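Next come the chains, spelled out residue by residue.
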Amino acid sequence: AGFATAFVHPFDLDFFNRRVAMPRLGFDRLVDEGDFAGVAREGYYVPDMALAEYALAMAAKEPRPLFCMIATMENHN
């Protein structure tokens with residue numbers, strides 16, 4: 001339908017085989033914990049606000065409509 005698609009999960013994408021599953025579900029771009037190097041953590045995990053800022057910046061750069069699915073980690077603390 002012309003959408004760019006992204007799955008954002010600041011964790012190891014090999015966990016639950018997401019690195020294989022998410023592209024099969026149609027996601028063009030995968031964003032994992034490596035994309036958040038240097039981000040201050042909330043406990044052990046990337047905070048939700050950092051995810052929101054990342055997604056908004058990604059959307060601002062994308063010329064097509066963007067569908068972005070975000071799996072958060074902050075509440076795991």
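Reference entry: report on the structure contained in this document. Residue positions within a chain follow its written sequence, with the count starting from 1. pLDDT decides what is reported in this predicted model: residues at 70 or higher carry local features, side-chain atom pairs at 80 or more are listed and counted, and totals for whole chains, interfaces and linings draw on all residues regardless. Only hydrogens and water are removed before side-chain values are computed, so all heavy atoms of the structure are retained for them.

Glancing now at the overall build of the protein. Helix numbering and strand numbering both begin at the N terminus, where a helix is a DSSP run of H or I of at least 4 residues and a strand a DSSP run of E of at least 2. Counting secondary structure elements, the protein contains 2 helices and 3 strands. Beginning at the N terminus, the succession of helices and strands in the protein can be written as β-α-β-α-β. Only the C-alpha atoms count toward the radius of gyration. The rule for a globule is 2.2 Å times the residue count to the power 0.38. A globule of 77 residues ought to have a C-alpha radius of gyration of about 11 Å, and the protein, at 13 Å, matches this closely. Reported as C-alpha extents along the three principal axes, the dimensions of the protein are approximately 40 × 30 × 20 Å. Under the scheme applied here, a residue whose accessible area is under 20% of the maximum for its type counts as buried, over 50% as exposed, and between as partly exposed, the area being computed with a 1.4 Å probe on protein chains only. Considering the protein as a whole, with its 77 residues, one finds that 30% of them fall into the buried category. Of the contacts made within the protein by residues no fewer than 6 positions apart, 55% connect residues no fewer than 24 positions apart. A 1.4 Å probe and the Shrake-Rupley method give the accessible areas. Residues count as covered only by the protein chains that appear here. Per element, the accessible surface of the protein, about 5,000 Å² overall, is 56% carbon and sulfur. Contact criterion: two residues are considered in contact whenever any of their non-hydrogen atoms come within 4.5 Å of each other.

Right, let's talk about the sheet that holds strand β2 (residues 29-31) for a bit. One open sheet holds the 3 strands; their spatial order is β2-β1-β3, and the pairing between them is parallel. Edge strands, defined here as strands with exactly one partner in the open sheet, are β2 and β3 (66-70). The average undirected angle you get between the axes of adjacent strands in this sheet is 15 degrees. Two strands pair if DSSP finds at least two bridges between them. Bridging between strand β1 (residues 4-8) and β3 involves 5 bridges; their strand directions are parallel. Across the sheet, residue Phe-7 finds its bridge partner in β3, namely Met-69. Only the contacting stretch of a helix is used when fitting its axis, a line to C-alpha atoms as for every element, and angles between N-to-C directions run 0 to 180 degrees. The sheet strands contacting helix α2 (residues 48-61) are β1, β2 and β3, and the helix crosses β3 at an angle near 165 degrees.

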